[in-house]
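# Fold and geometry: a report
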Amino acid sequence: MENVNKWVKKGAWVLAGIFISAAIGILWVKKSGLIREGEPFAGFMTRALTVFLVYLSVSIFWRGKIVRHWYMLVEILQNFYIEVGDALGKKLSEKITLQIREKMRTACFTLMFLLMIVMDVKSRNQFKAESKFWVVLFGILIFTTGILSWREPLQKRKWKSNFTAIWLLLWSMVCVSDLLVRKSFSYTGYVMLLCVGFSFFIWQNTGETKTIIRTILLGLEWTLPLVAVYCVCFRAKTPGILYNGCFTNRESMALYSLTLFIAFLGNFHEIFGEKKVKTVQTIAFGVGLSLSCYYLYYTKVSGCLLAAFAVAVVWLIFQRKQIKSILQKGRKLIVLLGTSVVLSLGLVVLVNAGSKVLPEKIGYPVSYAKEVEESDTAVEREWEEKKNIWKEYSRECNLIGNKDALKKSGKTKDASNGFLQMMQRYGFFIIIPYVFLLICCVWKIRKEKEFEVVAVIVAFVITMLLQNVEIPFTNGLWLVFYLMIGRFLEKNLEVGS
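Reading guide: rules and limits
- Numbering of residues starts from 1 in every chain and runs along the sequence as written.
- Only residues with pLDDT of at least 70 are given local features in this predicted model, and only at 80 or more are side-chain atom pairs given and counted; all residues enter the totals for whole chains, interfaces and linings.
- By convention in this description, side-chain values take in all heavy atoms of the structure and omit both hydrogens and water.
- Numbering of helices and strands runs from the N terminus, with a helix taken as a DSSP run of H or I at least four residues long and a strand as a DSSP run of E at least two residues long.
- Relative accessibility decides the category of a residue: with a 1.4 Å probe and only protein chains considered, values under 20% of the type maximum give buried, values over 50% give exposed, and everything between is partly exposed.
- In this analysis, two residues are considered to be in contact whenever any of their non-hydrogen atoms come within 4.5 Å of each other.
- Scored from 0 to 100, pLDDT records how confident the predictor is in each individual residue.
- To qualify as a nonpolar core, a set must consist of buried Ala, Val, Leu, Ile, Met, Phe, Trp, Tyr and Cys residues joined through side-chain atoms within 4.5 Å.
- Side-chain atoms alone can form a polar contact between residues adjacent in sequence; in general such a contact is a pair of N or O atoms within 3.5 Å, and within protein one must be able to donate a hydrogen while the other accepts it.
- Axes here refer to lines fitted to C-alpha atoms; in helices the fit is confined to the stretch in contact. Angles between the N-to-C directions go from 0 to 180 degrees.
- Each crossing gets its hand from how the near helix is turned against the far one by less than a right angle, where anticlockwise is left-handed and clockwise is right-handed.
- In this scheme, a helix's expected span is set at 1.5 Å multiplied by one less than its residue total.
- Using only the protein atoms, space was sampled on a 1 Å grid; points where a 1.4 Å probe fits but cannot get out form cavities, open sets with protein on both sides within 12 Å along at least five of seven lines form pockets, and lining residues are those with an atom within 4 Å of a point.
- Grid points are joined across faces, edges and corners, and a volume is the space filled by probe spheres set on the points.
- Residues are grouped as follows: Ala, Val, Leu, Ile, Met, Phe, Trp, Tyr, Cys and Pro are nonpolar; Asp, Glu, Lys and Arg are charged; all remaining types, including Gly, are polar.
- Here, a salt bridge means any Lys or Arg side-chain nitrogen found within 4 Å of an Asp or Glu carboxyl oxygen.
- Like charges are joined within 9 Å and nonpolar side chains (Val, Leu, Ile, Met, Phe, Trp, Tyr) within 5 Å, but only among residues with over 30% relative accessible area and no salt bridge; these make up the patches.
- The method behind every accessible area is Shrake-Rupley, applied with a 1.4 Å probe, and residues are considered shielded solely by the protein chains displayed.

### Structural notes on the overall build of the protein chain
- When you go through the protein chain residue by residue, the secondary structure sums to 19 helices and two strands.
- The buried share of the protein chain, reckoned over its 497 residues, is 52%.
- For the protein chain, contacts bridging at least 24 residues in sequence account for 82% of all contacts bridging at least 6.

### Re the confidence of the model for the protein chain
- When pLDDT is averaged across the protein chain, the result is 80; 80% of the residues are at 70 or more.
- When the criterion is pLDDT under 50, residues 7–11 qualifies, and its contacts beyond four places in sequence or with other chains add up to four contacts.
- Under a pLDDT of 50 for its full length, residues 59–67 has, in the predicted model, 14 contacts with residues more than four places off or in other chains.

### Comments concerning the side chain of aspartate 178
- Mapped onto the fold, aspartate 178 is located in helix H7 (residues 162–180).
- The class of aspartate 178 is buried, set by a relative accessible area of 3%.
- The contacts of aspartate 178, once residues within four sequence positions are left out, are Lys183, Ser186, Tyr187 and Tyr190.

### Section: the nonpolar core
- By size, the foremost hydrophobic cluster in this structure holds 131 residues, and its most contacted members are Phe460, Phe481 and Tyr482.
- The dominant element in this core, judged by the number of residues it contributes, is helix H11 (residues 250–273), at 14 residues.
- Setting aside its immediate chain neighbours within four residues, phenylalanine 460 contacts Tyr434, Leu438, Val469, Glu470, Leu477, Trp478, Phe481 and Tyr482.

### Here's the deal with the side chain of serine 355
- When you line up the elements, serine 355 lands in helix H14 (residues 323–362).
- By relative accessible area, serine 355 is classed as buried at 2%.
- A distance of 3.0 Å separates a polar atom in the side chain of serine 355 from the backbone oxygen of asparagine 352.

### With respect to the packing of helix H15 (residues 378–396) against helix H16 (residues 418–426)
- Between H15 and H16, the least distance of the axes is 10 Å, while the angle of their chain directions is 35 degrees. In terms of crossing hand, the pair formed by H15 and H16 is left-handed. Together, Trp390, Tyr393, Ser394 and Glu396 of H15 and Leu420, Gln421 and Gln424 of H16 make up the contact between the two elements.

### Things to note about helix H17 (residues 431–444)
- With 14 residues, H17 should reach 20 Å at 1.5 Å per residue; the first-to-last C-alpha distance of 20 Å fits that figure.
- All of the buried residues along H17 are Ile431, Pro433, Tyr434, Leu437, Leu438, Cys440 and Cys441.
- In this structure, the buried residues of H17 make contact with H7, H16, helix H18 (451–466) and helix H19 (476–484).

### Concerning empty space enclosed by the protein
- Tallied over the full model, the rule gives four cavities of 30 Å³ or more.
- The space that makes up the largest cavity amounts to roughly 90 Å³.
- Within the lining of the largest cavity, the residues separate by chemical class into three nonpolar, five polar and four charged.

### Quick word on the pattern of salt bridges
- Under the defined criterion, the tally for this structure stands at 14 salt bridges.
- Its salt-bridge partner being arginine 235, residue glutamate 371 comes within 2.4 Å of it at the nearest N-O pair. One end of the pair, glutamate 371, is in the loop between H14 and H15; the other, arginine 235, is in the loop between helix H10 (223–234) and H11, with 136 residues separating them in the sequence.
- The class for arginine 235 is buried, based on a relative accessible area of 5%.
- One network of salt bridges, in which partners are shared, links Lys210, Arg214, Glu270, Glu450 and Glu452.

### Re a nonpolar patch on the surface
- A contiguous nonpolar patch, built from Met72, Leu73 and Ile76 and spanning about 300 Å² of accessible area, is present on the exposed surface.
- Within the secondary structure, leucine 73 sits in helix H4 (residues 71–95).

### Here we look at unusual backbone geometry
- Phi at lysine 300 is positive, roughly 55 degrees, even though this residue is not glycine.
- With respect to the helices and strands, lysine 300 occurs in the loop between helix H12 (279–299) and helix H13 (302–320).
- Here phenylalanine 473, not a glycine, exhibits a phi torsion of approximately 55 degrees, which is positive.
- A relative accessible area of 0% means that phenylalanine 473 is categorised as buried.

Have a look at this one:
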């Protein structure tokens, strides 16, 4: 009797919540004009929403039998992952050794980050017809990293968790929205379910959910020497103009530098925890960290600077746990850090001076056709512009999404906010799984043992609120975040493993 009462109370609360939410939603939709007269699919979507609410209500009285069957979709996906993974993985492992496959996997991640620069130069939000091919290309590369990770026959994983349900719902809704309105970034949902999910599955089978994060970040670190040389030799730094680096705009450079900042801080966290100090690595990581700070500072993107500060605080908190290990290294560590600081400062001075002079002396200063050059005064106008953009995006939200970002004065302008960007692209209701996904990620970091995981989540959430990070496959932070959260899909996976 007690269980029946408990079920009835729970059902009553859920049912009340559904109808209250529906009532508020209908009133808000009418006042805000989310459904406009003559809008394609408007009547259909209204009826579909009504049917969905009825389905939820009935399913409560059926003791959730229908709702529980969502896991059948996971079973179908896992069967697909096993069939394809075992067939391709076995053939590849017979021909290529594990050591070479690991290097190829890192090279794939490096290629992805370099492709993002190429995509940005072609203008990241104006690909039109060819944008879908970029998304598919990234899907193929991510799928390839999964195949290269294969070691032995795959086994099904326990993905029956709230996080998996939210993740599955989010990308399924993206697929549906893509069918209703063809996006400039088409096929993102399919790539996430079939390619990214496939790689998640293999990494969990091989026990690499911890090491794969460092492999991804290592792939990013490999791009820095190329970017630094290219910027010094061909991308002039003009006084009074905020620096775009190798990208067409300072925001993309800031997101790239922020992700590098996280990667190199993670390297120092690992060095401080080891028994022996590695001389060359410590100096190299110090140089990399200083360059990422240099590029990040000269972009002057407020959201990324705030995220970097938060990540630095997180890093200091993590160092408290290994203070003994740091103290044991004593003088040698201090000397190495001092050497690294001196070399880093010297290199930053050379890079700064070289980027002002070398492009002109070499005779090939590179500028892009769609480059956005902003003066120092742009920082002062930034917040006012963001507020205006947020208002415009709030007014234009609808139920089924849009093909592109909004246009302002004939130019495409992104939302500078992840929530608004997702609603603009995929429709109003995408915000429900999206918010729950972020809440779950933030909740998971309470007991997380890996610095990189906490740092990426913190940085992503902050930049998501203030910058254009939520554009598929266009920046390193977006890619690292969505490849990293696969560790949360498995229900009984120990946090930090």
